[in-house]
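# What the coordinates show
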Amino acid sequence: MAEEIKDKLAEAIAKRRAEVARRRAGQSAAGVSTETPLPAAPARQPDPGIEQKLVNAREAIRAGQNPMAVARLLGELAGQGMKNKDLAAALEVNKSWLSKRLGLLRAPVKVQRLIEAGELPESDYHNNKNVAEQIGSRAGTLEYRRMPTVTISIETARSMAAILRIIAAENGDASIVLLPNASKKDIATLLDLRAGYVLGLIDT
C-alpha cells in the first residue's frame, strides 16, 4: 500500500513538473520572459508644498525682502529639481536675475552675513570681485570697508572711459567697449573694474 502511494505521488510530481515545463516553453516561444519581473521603482512624488514655496518666493521678491532671504527661498525651490528656466518662468523673472540671486548662496559666509545684515549692498558683491577682501573685523564684528570715492561729472567720466579704451587698444587689448549711448552705470563700472587693469598694461 505504501509503495502504491509513493508511486502515485511520484507520478503527480512528474506531471506537475511536465506541465510547468510546457508552460515555460510556450512563454519562451512567444517571446515572453519567464523570469519574475522586478517591481517597478516608485515614482518620485512632487513636493506637495512646492506651490506654496513659489507663492512665498514671489511675495518676497515683490516685497523687496533681504536678498539673502530671497536667495534661500530660491535655493529651496532649485533643490526640488526645478530647472532654472522653469523656475524663472514660474516666478516671472529672467534667468540672469535668478542666476545672480542663486549665486549669493555660493558667496563667502562673511559676505552673506553682511548682505543679510544690510551692511553690504548686493550690487557691490556682483560688481566688485575684490569685495571679500574689503571685509574686516572690529571688536568681533564684521565690517565692510568701502573704498573712498570721488565725484566727477558724467562728461569727465565718459572722457576717462574713452581714454582707458584707447590706451588698452594701443597695448594690445581691444576688449574694452564704450558704446555712444553707454549709461552712467556702465561707465562707472568700466572705470571701477578696468582702470587698474589698464594701468597694469602700461606698467608691463
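Residues numbered from 1 in each chain as written. Predicted model: local features only at pLDDT ≥ 70, side-chain atom pairs only at ≥ 80, totals over all residues. Heavy atoms only, no water.

Position of E122 among the secondary structure elements: in helix α7 (residues 122–127). The class for E122 is buried, based on a relative accessible area of 15%. Of note is the side chain of E122, whose polar atom sits 3.1 Å from the side chain of H126. (Helix = DSSP H or I, 4+ residues; strand = E, 2+ residues; numbered from the N terminus. Buried < 20%, exposed > 50% of the residue type's maximum accessible area, 1.4 Å probe, protein only. Polar contact = N/O pair within 3.5 Å; in protein donor to acceptor, adjacent residues only side chain to side chain.)

Another point: the layout of surface pockets. Approximately 1,200 Å³ is the volume found for the largest pocket. Lining the largest pocket are 30 residues, with T149, A188, T189, L191 and D192 positioned closest to its centre. Of all elements in the fold, only α7, α8 (154–170) and α9 (184–203) reach the threshold of two or more residues within the lining of the largest pocket. Of the residues belonging to the lining of the largest pocket, the class tally is 14 nonpolar, 9 polar and 7 charged. (1 Å grid on protein atoms, 1.4 Å probe; cavity = no way out; pocket = protein on both sides within 12 Å on 5 of 7 lines; lining within 4 Å. Points joined across faces, edges and corners; volume = space filled by probe spheres on them. Nonpolar A, V, L, I, M, F, W, Y, C, P; charged D, E, K, R; others polar.)

Quick look at the packing of helix α4 (residues 84–91) against helix α5 (residues 95–103) now. Close contact between α4 and α5 brings their axes to 9 Å; oriented N to C, the two are set at 105 degrees. One element, α4, and the other, α5, form an angle in the roughly perpendicular class. For the pair α4 and α5, the contacting residues are N84, K85, L87 and A88 in the first and K95, L98, S99 and L102 in the second. Residues that form the contact of α4 with α5 fall into these classes: 4 nonpolar, 2 polar and 2 charged. (Axes fitted to C-alpha atoms, helices over the stretch in contact; angles between N-to-C directions. Parallel < 35°, antiparallel > 145°, perpendicular 65-115°, else oblique. Contact = heavy atoms within 4.5 Å.)

Our next topic: unusual backbone geometry. In this structure, E92 takes a positive phi of about 60 degrees despite not being glycine. Residue placement: E92 occurs in the loop between α4 and α5. When its relative accessible area of 64% is taken as the criterion, E92 is described as exposed.

Caution applies to low-pLDDT parts of the model: their predicted coordinates are not meant to be read in detail. This prediction gives the protein a mean pLDDT of 81; 79% of its residues lie at or above 70. The model gives residues 32–38 a pLDDT under 50, and that stretch makes 4 contacts with residues more than four places away or in other chains. (pLDDT = per-residue confidence, 0-100.)

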